[in-house]
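Per-entry structural report
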Amino acid sequence: MTLALRILRGFLSLWLIVTLVFVALRATGDPITAIFDPDNTPKAALEAYRQQWGYTGTVFDQYLVYISNILHGEFGFSSMSNRDAYSVVMERLPATLQLVGCSALLMMAIGIPVGAVAALNSGGRLDRFVMTFSTVGFALPNFVLGLALILLFSVNLRLLPSNGIGTAAHLIMPVLTIGISKAAIFTRFVRSAILDALKLTCVTSARARGVSEWQIFWHHVIPNAMLPLVTITPLLVGAMVAASAVVETVFGWPGVGRLIVESVAQRDLAVVQMIVMMIALVMIVTNLLVDLAYSKLDPRTALAPAH
Amino acid sequence: MSIATMVRKGGRDFLLVPPGVLLAMFWLLACLSLVIVLPLVSHLDVTAIDLRARLSPPIGFGGDWAHPLGTDDLGRDVLARLVASLRTSLAIALGAVIISATIGTLIGILAAHLRGWVDQVVVAAVDAQVSVPFIIISLTLTAIFGNNLYLFIFILGMFGWERYTRLARAMTMASRGRGYVLAMSTLGFSWPRIYLRHVLPNIASTLLVTATITFPEVILLETSLSFLGLGIQPPMTSLGNMLGFGRSYLLTGWWIAVAPGLAIFLCALSVSIIGDWARSVIGRI
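Each residue is numbered by its place in its chain's sequence as written, counting from 1. Whichever chain is written first becomes A and whichever ligand is written first becomes 1, with later ones labelled in order. Per-residue local features of the predicted model are confined to residues with pLDDT of at least 70, and side-chain atom pairs are confined, for both listing and counting, to 80 or more; whole-chain, interface and lining totals are unaffected and use all residues. The basis for every side-chain value is the complete set of heavy atoms in the structure, and neither hydrogens nor water enter the calculation.

Now for the overall build of chain B. Every helix listed is a DSSP run of H or I at least four residues long, and every strand listed is a run of E at least two residues long, numbered separately from the N terminus. Counting its secondary structure elements, chain B contains 11 helices and 0 strands. When its helices and strands are written in sequence order, chain B yields α-α-α-α-α-α-α-α-α-α-α. Considering only C-alpha atoms, chain B reaches an extent of 75 × 55 × 35 Å along its principal axes. The buried share of chain B, reckoned over its 285 residues, is 49%. Taking the contacts inside chain B whose residues are at least 6 apart along the sequence as the reference set, 69% of them involve residues at least 24 apart. Surface accessibility follows the Shrake-Rupley procedure with a 1.4 Å probe radius. Residue values consider only the protein chains on display as shielding. Roughly 13300 Å² of accessible area belongs to chain B as shown, and the carbon and sulfur atoms make up 70% of that amount. Think of it this way: Lys and Arg go in the positive column, Asp and Glu in the negative one, and His and the chain ends go nowhere. By convention, the point assigned to a charge is CZ for Arg, NZ for Lys, CD for Glu and CG for Asp. Looking at chain B, you have 19 positive and 13 negative side-chain charges, and the mean spots of the two groups are 14 Å apart. Accessibility here uses a 1.4 Å probe with only protein chains present; expressed as a share of the type maximum, an area under 20% marks a residue as buried, one over 50% as exposed, and anything in between as partly exposed. Contacts are residue-level and defined by heavy atoms, with any inter-residue pair within 4.5 Å sufficient.

Laid out in structure tokens, this is it:
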């Protein structure tokens, strides 16, 4: 697929999601009466709100207004905090980025060396040990792991704060929770990527030429193992965003994840739709970047004709 | 994967079940029988309140046999609530997997049969579904339509449909060129009959393994949403709901959260161990 076609497809997915949100919002009935009690609000006020948010005219007119508002970054008014939804979400963003960034680093710090060791000992005792831990980590839900950490470090040992943000100590447990659970998945991917790379003919031929195992590992195995690992990045970004909704709630971390949970409970639709579209945008852009990186990393895909 | 190598080492016979898988099967069977038998034997009252035994600890931590797993802050029996929650969570997850497997497979077969624009739309929908984390989609639907049980089951029943669709579509397309399908269509059998009676049994094992692998994820999704207070609502209980409630009592009654937490973990672990094993067995047939 050419670059233009990929970008077009990304836009198509984004448009599909925006449209689905619009359809779902309209399917529940008059959005104004969902927000205001029609019996206790003057008719003129309702009409004024209709004008302000573009809920007038045919459904198609409303759809056009809706799209143009979103393109201008106007997602509506947060009923929960009485402010612009855009600024409500944006002020929560740094906390989530900090959490997800640190967790991603921890995930790689665990996953790459452990996965490599398991692959190099494939079938051995160490490998089986690592894979058992990976299966356990995969079945351990975020909130169970988080509560277990709170029980251990906050309730029993009284070492770490269980709730809130501010110091580095606050960051430890949420990062451990997301980092460890994602490392369980990532380790498996690293292991199988390296195992696949070890089977390549270039590795066999390098070995036949008498190249040292160390050099084979760095010059042939690692570059080839990078390709599948790059492909799963969007998957892991999505998984971390999803995990932040639960983990931020467990640890009282004031980020976007907790915001979406609060907003859903309060049915603050403006904030929810803003977050959904932001996540969709991030995921689609990540996918696109991965596609681009892939053709840079693997010259074969760039040279191969489109199919 | 580790299980597959263990099987291979254990001999040529792949039906040799490794001990870990046996243990997982045993645990699931124990859970199932507990969920089915216990309500028949004793009256499970999840809302019965024993005010004199509030926050009583489990046996081994100073508790007595009246409440083997202790009680919560209202004096409700943790074991009774655990069994009831397990029943709700397992039943919902099972129902959801059946719904998504049926719908997903049908869409996949239809796309493979009709081809053309229908196929294009299905592929685009699968792509769109993959691009947004499912929990975010379920949160959005809950925000828009409000929280109720039917919506919740619908949401869980959507989970993973694209996996079955993808598989069924690819395998149906592949089977169209096979001799038996050509023979059947030449003999004049109708397409629904060929697909449902002949193609489906041939691809069923792969779909079943996918369902096994999806099952723990559905349990985790259900418990996550219920934990956040956006799934099963009281007076019904589910494992996630119970854990979310027990979260407030970590200081005074840790067992309220530990019991459902362990149950979720062990059930999800057992099903994924069995799923991994099944996948390795299928892969070698």
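This paragraph deals with the overall build of chain A. A tally of helices and strands in chain A yields 14 helices and 2 strands. For chain A, the residues scored as buried account for 44% of the 307 residues in total. With the model as given, the accessible surface of chain A reaches about 15700 Å², and the carbon-plus-sulfur share is 68%. Between the mean site of the 20 positive side-chain charges and the mean site of the 16 negative ones, chain A shows a separation of 15 Å.

Let us look at the pattern of salt bridges. Residues and elements named next belong to chain A. By convention in these notes, a salt bridge is any Lys or Arg side-chain nitrogen within 4 Å of a carboxyl oxygen on Asp or Glu. Scanning all chains against the criterion turns up 9 salt bridges over all chains. Here Arg 83 and Glu 91 are joined by a salt bridge, their closest N and O atoms 3.2 Å apart. Relative accessible area serves as the criterion here: at 52%, Glu 91 is assigned to the exposed category. Arg 92 is paired through a salt bridge with Glu 262; the nearest N and O atoms lie 3.2 Å apart. Of this pair, Arg 92 sits in helix H5 (residues 85-120) while Glu 262 sits in helix H12 (residues 256-266), and the two are 170 residues apart along the sequence. By sharing partners, the salt bridges in this structure join Arg 92, Arg 258 and Glu 262 into a single network.

As a further point, take the interface of chain A and chain B. Each partner contributes to the interface: chain A provides 44 residues, whereas chain B provides 39 residues. What counts as buried area is the accessible surface, traced by a 1.4 Å probe, that two parts surrender upon association, with contributions from both included. Around 3800 Å² of area is buried between chain A and chain B when both sides are counted, 78% of it from carbon and sulfur atoms. On the chain A side of the interface with chain B, the three residues burying the most area are Phe143(A), Leu147(A) and Val264(A), jointly 14% of the side's total. On the surface where chain A and chain B come into contact, there are 1 salt bridge. In this structure, the salt-bridge partner of Arg188(A) is Asp276(B), at a minimum N-O distance of 3.4 Å. Think of a polar contact as two N or O atoms within 3.5 Å of one another; within protein, one of them needs to be a possible hydrogen donor and the other a possible acceptor, and neighboring residues in sequence only count if both atoms come from side chains. Applying the counting rule to chain A against chain B returns 5 residue pairs in polar contact (both at pLDDT 80 or more). Think of it as three bins: nonpolar holds Ala, Val, Leu, Ile, Met, Phe, Trp, Tyr, Cys and Pro, charged holds Asp, Glu, Lys and Arg, and polar takes everything else, Gly as well. A class-by-class count of the residues in the side of chain A that touches chain B yields 34 nonpolar, 5 polar and 5 charged.

Moving on to the side chain of Thr96(A). Residues and elements named next belong to chain A. Positionally, Thr 96 belongs in helix H5. A distance of 2.6 Å separates a polar side-chain atom of Thr 96 from the backbone nitrogen of Val 256. For Thr 96, the residues in contact, after removing those within four places along its chain, are Ser 244, Glu 248, Trp 253, Gly 255, Val 256 and Gly 257.

Moving on, we come to the confidence of the model for chain B. Residue and element names in this part refer to chain B. The score called pLDDT rates the predictor's confidence residue by residue, from a low of 0 to a high of 100. For chain B, the mean per-residue pLDDT works out to 82, and 91% of the residues sit at or above 70. Confidence, read as mean pLDDT per element, is least for helix H1 (residues 2-10) in chain B (47) and greatest for helix H3 (residues 78-114) (90). Ignoring residues within four places in sequence, the model shows residues 1-7, a span with pLDDT below 50, making 20 contacts including any to other chains. Two summary scores accompany this predicted model of the complex, namely pTM at 0.82 and ipTM at 0.79.

Let us look at the packing of aromatic side chains. Any two rings among Phe, Tyr and Trp, with Trp reduced to its six-membered ring, count as a pair given centres within 6.5 Å; such a pair is stacked if its planes are under 30 degrees apart, edge-to-face if over 60, and tilted if neither. Under the criterion given, the structure shown has 10 aromatic pairs over all chains. For the pair Phe245(B) and Tyr249(B), a centre-to-centre distance of 5.5 Å together with 50 degrees between the ring planes defines the contact as tilted. With a centroid separation of 5.6 Å and 80 degrees between ring planes, the pair formed by Trp254(B) and Trp255(B) is classed as edge-to-face. For Trp255(B), a relative accessible area of 7% translates into the label buried. Connected via pairs of aromatic rings, a cluster forms that spans Phe22(A), Tyr63(A) and Tyr66(A). The positively charged end of Arg76(B) is found above the aromatic ring belonging to Phe245(B), 5.3 Å away from the centroid. For a ring to carry a charge above it, either NZ of a lysine or CZ of an arginine must fall within 6 Å of the ring centroid while also lying within 35 degrees of the normal to the ring plane.

On to helix H10 (residues 213-231) of chain A. Residue and element names in this part refer to chain A. Between the first and last residue of a helix there are one fewer steps than residues, each counted as 1.5 Å, and that sum is the expected span. For H10, which comprises 19 residues, the first-to-last C-alpha distance of 26 Å matches the rise-based estimate of 27 Å (1.5 Å per residue) to within 8%. Note on bend: the value at a residue is the angle between axes fitted to the seven residues ending there and to the seven starting there. The largest bend along H10 measures about 40 degrees and falls at Val 221, with the proline Pro 223 one to four residues further on. Taken residue by residue, H10 has Ile 216, Phe 217, Val 221, Ala 225, Leu 227, Leu 229 and Val 230 as its buried positions.

Residue and element names in this part refer to chain B. Mapped onto the secondary structure, Gln 129 falls in helix H4 (residues 116-131). At a separation of 2.6 Å, a polar atom in the side chain of Gln 129 contacts the side chain of Trp 161. Excluding residues that lie within four positions of it along the chain, Gln 129 makes contacts with Phe 134, Ile 137, Trp 161 and Glu 162.

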